[in-house]
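# Coordinates in review
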Amino acid sequence: MAATSSFLDRAAGNSRVQLAATAIASGAIVASAILGYQHLQHHERLSQLKDSIHLSDDGESYDENATQPLPTHARATQARPIGDASATNTTATATTADKEDLRNERLARRAQAGDYDEELILEQLARNRVFLGPEGFAKLRGAFVVVVGCGGVGSHCAAALARSGVSRLRLVDFDQVTLSSLNRHAVATLADVGSPKVQCLRRRLLAIAPWVRFDLRLEKYWDEAADRLLEPWRDSGDGDGGVVATDSRQPDFVVDAIDNIDTKVSLLKYCRDRGLPVISAMGAGCKSDPTRMMVGDISTTTDDGLSRATRRRLKLQGVTQGIPTVFSTEKTGDGKAELLPLPEDEFQKGPVGDLGVLPDFRVRILPVLGTMPAVFGYTVANHVILSITGYPHDYVQAKGRDKMYEGIIAAVQGGEEKILRHMTGGDVAITQGLKTPVTISDLAFLVEDIFKGRSAITGLPTRLTLARWRKPTESTLVRIGEGADEQKSSNLHLSDLVCMTKEEATRHDKEILRGQKTHEEVYDSATIEKVEKLLAEIALYEKYR
């Protein structure tokens, strides 16, 4: 203790120590003053911005430099009572509009006209900016994204994009907010019930990001409207929907959040044909496990009726891969929610063909856990953000399927070589350079869509492979050219292949393909009938490869 006191006494008498202490104290005071001044300036700028937004006594919002109120397309509409048909009119004005909505509209009008402190925007988006870097962040700020379908999935996706800095959003949806929407919609409240979903999103998101420009399209996506609904964004001279076009920008990304198969397939085909980046969200119904969420190519999606039906329709139109998709690998099980069959009284309410993923199912009775559409929507938005900004995104392959398909394609190749050698008396040279006309996407389609990830023989889901069903009656070799230019391939068709376990395929090869037994001697009639039916279905789709 005495030693410590002695040290302090010496330090107090040392002029250098005194000078250092004074410098440190002065620096701290200056730094505090600077930071305090900056904070005060920021607070003052923010207060001035808020205070500059005035409301007249009657609740109407006016431009300081004009005598006319804001145009009707820029006003928030009052929520109508449930069932009010006038709620579909996006240009109708509210007679007693919420003052907060009017304030947000006024702020948005000024922000989109450039009268908004850029520093405030950068501070609000600071974490995104640091994460993505200046270049990536700039790309996101300038992006134009189209969200088709603004229900549970689409609303969460749109909200995340607006919060992250996307400055142009086109929202496409024909539907209104209902009471049953509130368990999964991103921003809807009871006050929004009866109003269009696109308008509800704009109304709420303007309060969060007033600088975001919205283009609302209150209609259902359909073929004949595709060119118009996905047309370039045209910025206007007045910054808020004016008539003088100053800029035109193609969509940087299109989000498919549609739950109707026909329109979903139409949108995906349109985007694929025209080179528009698109991502598709598959079914969130009956899903409950967020750890099973995956992002992968359309050819790898599994365990979901919507994705299966979408893949089949796309394949009929020649699209088998190249579309990123958000899907769940969760399987049904005991105690889990399942699609409910349609009661007889529901049939009396009208046609059911376009109301569900599967025949005789209605979308409105699809069991949906409110959290899962949000998981889907945020996963979609995450992919869009990473893709636009160029941020690396190497996703984990779904359930190791790619490795499984690589093994299957190697087994199919080996099987073709065995059959050809067997038919030529063991000529090994004949199989050198042999090619098999199947791709991984072909195999994925067969295994997942046709055979549902199970053996057609026993229904087992493990150690799967594909093997020829029928024993060839003539050579399977197809030769083109001669000498060094010769090309050898197998005449294999997808409709020749059946999904089996590896053990079943070994027995099938030994007893039928390279043996003398018939199918009737190896399999029962029910199995043969089932396999033949599946092969006929494959032949139908094979025409469109």
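Our subject is the structure listed above.
Here's what I pulled together on the structure shown here. A quick note: this is a predicted structure, and the numbers were derived from the prediction, not measured. (Residues numbered from 1 in each chain as written. Predicted model: local features only at pLDDT ≥ 70, side-chain atom pairs only at ≥ 80, totals over all residues. Heavy atoms only, no water.)

Right, let's get into the sheet that holds strand 12 (residues 477–480). Two strands in a sheet stick together by hydrogen bonds in their backbones, pointing the same way (parallel) or opposite ways (antiparallel). As summarised here, the arrangement of the three strands in space is 10-13-12, forming an open sheet in which the pairing is mixed. The sheet is open, and its two borders are formed by strand 10 (434–435) and strand 12, each paired with just one other strand. (Pairing = 2+ DSSP bridges. Helix = DSSP H or I, 4+ residues; strand = E, 2+ residues; numbered from the N terminus.)

Here the focus is the pairing of strand 2 (residues 168–172). With five of five residues buried, strand 2 lies mostly within the body of the structure. On strand 2, burial covers both faces: Arg-168, Arg-170 and Val-172 on one face and Leu-169 and Leu-171 on the other are all buried. Of the strand pairs in this sheet, strand 1 (residues 144–148) and strand 2 are connected by five bridges, and their pairing is parallel. Residue pairing for strand 2: Val-148 is matched across the bridge by Val-172. The β-α-β motif built from strand 1, the intervening helix 6 (residues 152–164) and the parallel element strand 2 has right-handed crossover chirality. Across five bridges, the pairing between strand 2 and strand 3 (residues 213–217) is parallel. Residue Arg-168 lies in a different strand from strand 3, and its bridge partner there is Arg-213. The parallel pair strand 2 and strand 3, bridged by helix 7 (residues 197–206), forms a crossover whose chirality is right-handed. (Buried < 20%, exposed > 50% of the residue type's maximum accessible area, 1.4 Å probe, protein only. Right-handed = clockwise from strand over helix to strand, strands pointing away.)

Residue pairs spaced three or four apart in an α-helix point in one direction, given the helix's 3.6 residues per turn. Between its first and last C-alpha atoms helix 12 (residues 371–389) spans 27 Å; for 19 residues at 1.5 Å apiece the expected length is 27 Å, and the two agree. Within helix 12, 14 of the 19 residues are buried, which leaves it mostly tucked inside the rest of the structure. Just downstream of helix 12, Gly-390 is the residue with a positive phi angle, here 80°. (Expected span 1.5 Å × (residues − 1).)

This next bit is on the side chain of Asp-215. Position of Asp-215 among the secondary structure elements: in strand 3. Of the residues examined, Asp-215 reaches a relative accessible area of 17% and is grouped as buried. One polar contact links Asp-215 to Arg-170, side chain to side chain, over a distance of 2.7 Å. Polar contacts involving the side chain of Asp-215 include one to the side chain of Arg-217, which spans 2.9 Å. (Polar contact = N/O pair within 3.5 Å; in protein donor to acceptor, adjacent residues only side chain to side chain.)

What follows is about the nonpolar core. Judged by nonpolar contacts, the single largest core of 53 residues is most densely connected at Val-145, Leu-161, Leu-169, Leu-171, Val-255 and Val-384. What Leu-169 contacts, discounting residues up to four positions off in sequence, is Val-145, Ala-158, Leu-161, Ala-162, Val-212, Arg-213, Phe-214, Asp-215 and Trp-233. Counting 33 residues, the second-largest nonpolar core is a separate cluster that includes Val-498, Ile-512, Leu-534 and Ile-538. (Core = buried A, V, L, I, M, F, W, Y, C linked by side-chain atoms within 4.5 Å. Contact = heavy atoms within 4.5 Å.)

Moving on: the sheet that holds strand 9 (residues 324–328). As summarised here, the arrangement of the seven strands in space is 3-2-1-6-7-9-8, forming an open sheet in which the pairing is mixed. Of all strands in the sheet, those bounded by a partner on one side alone are strand 3 and strand 8 (293–297). Sheet twist, expressed as the average angle between the axes of neighbouring strands with direction ignored, equals 20°. By the bridge criterion, three bridges tie strand 6 (residues 253–256) to strand 7 (residues 278–281) in an arrangement that is parallel. In the strand pairing of strand 7, Val-254 is matched with Val-278. Each of strand 2 and strand 3 is contacted by helix 7, which is oriented at about 165° to strand 3, the strand it contacts most. (Axes fitted to C-alpha atoms, helices over the stretch in contact; angles between N-to-C directions.)

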